[in-house]
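# Chains, contacts and geometry: an overview
Next come the chains, spelled out residue by residue.
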Amino acid sequence: MDDRRQKALLIDPGQRARVWCKAPGCPHELTDPESKRRGYGPTCDPEPRHTSPRFDIDQDAIPGL
């Protein structure tokens with residue numbers, strides 16, 4: 001017999017792979033496409049998320065202008 005045959009897949013190719021949060025000690029599975037792209041859940045993400053495409057940041061006026 002030939003031992004060089006390809007092994008059967010262990011997962012169903014029609015299903016998506018499960019993605020977990022990469023924050024230390026976080027047991028949450030990521031379901032949101034944005035979370036999967038970043039690798040962190042909304043509560044563990046080190047960068048703040050903004051729901052609107054445009055947001056205003058409070059800034060002090062530049063002196064002398």
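The structure this text deals with has already been given above.
Residues numbered from 1 in each chain as written. Predicted model: local features only at pLDDT ≥ 70, side-chain atom pairs only at ≥ 80, totals over all residues. Heavy atoms only, no water.

## A look at the environment of Pro 42
For clarity, the cut-off: Elements are defined by DSSP. Helices are runs of H or I of four residues or more, strands are runs of E of two residues or more, and each kind is numbered from the N terminus. Only heavy atoms matter for contacts: two residues are in contact if any of them lie within 4.5 Å across the pair.
Inspection of the secondary structure assignment puts Pro 42 in the segment after helix 1 (33-38). In this structure, the C-alpha to C-alpha distance between Pro 42 and Asp 32, residues ten residues apart in sequence, is 9.1 Å. Setting aside residues up to four positions removed in sequence, Pro 42 forms contacts with Ser 35 and Arg 49.

## Topic: the pattern of salt bridges
Counted only if it meets this: For this document, the term salt bridge refers to a Lys or Arg side-chain nitrogen within 4 Å of an Asp or Glu carboxyl oxygen. Only protein chains enter the accessibility calculation, which uses a 1.4 Å probe; a residue is then buried when its area is under 20% of its type maximum, exposed when over 50%, and partly exposed in between.
Inspection of the entire model under this criterion finds four salt bridges. Salt-bridge contacts for Arg 38 lead to Glu 34; the nearest nitrogen and oxygen are separated by 3.2 Å. Here Arg 38 pairs with Glu 34, and both are found in helix 1, just four residues apart, close to one helical turn. Take Arg 38: its relative accessible area is 24%, and that puts it in the partly exposed class. Ionic pairing is found between Arg 38 and Asp 45, a salt bridge with its closest N-O pair at 2.3 Å. We classify Asp 45 as buried; its relative accessible area is 13%. A single network of salt bridges, built from pairs that share partners, joins Glu 34, Arg 37, Arg 38 and Asp 45.

Scope: geometric values only; no functional claims are made or implied.
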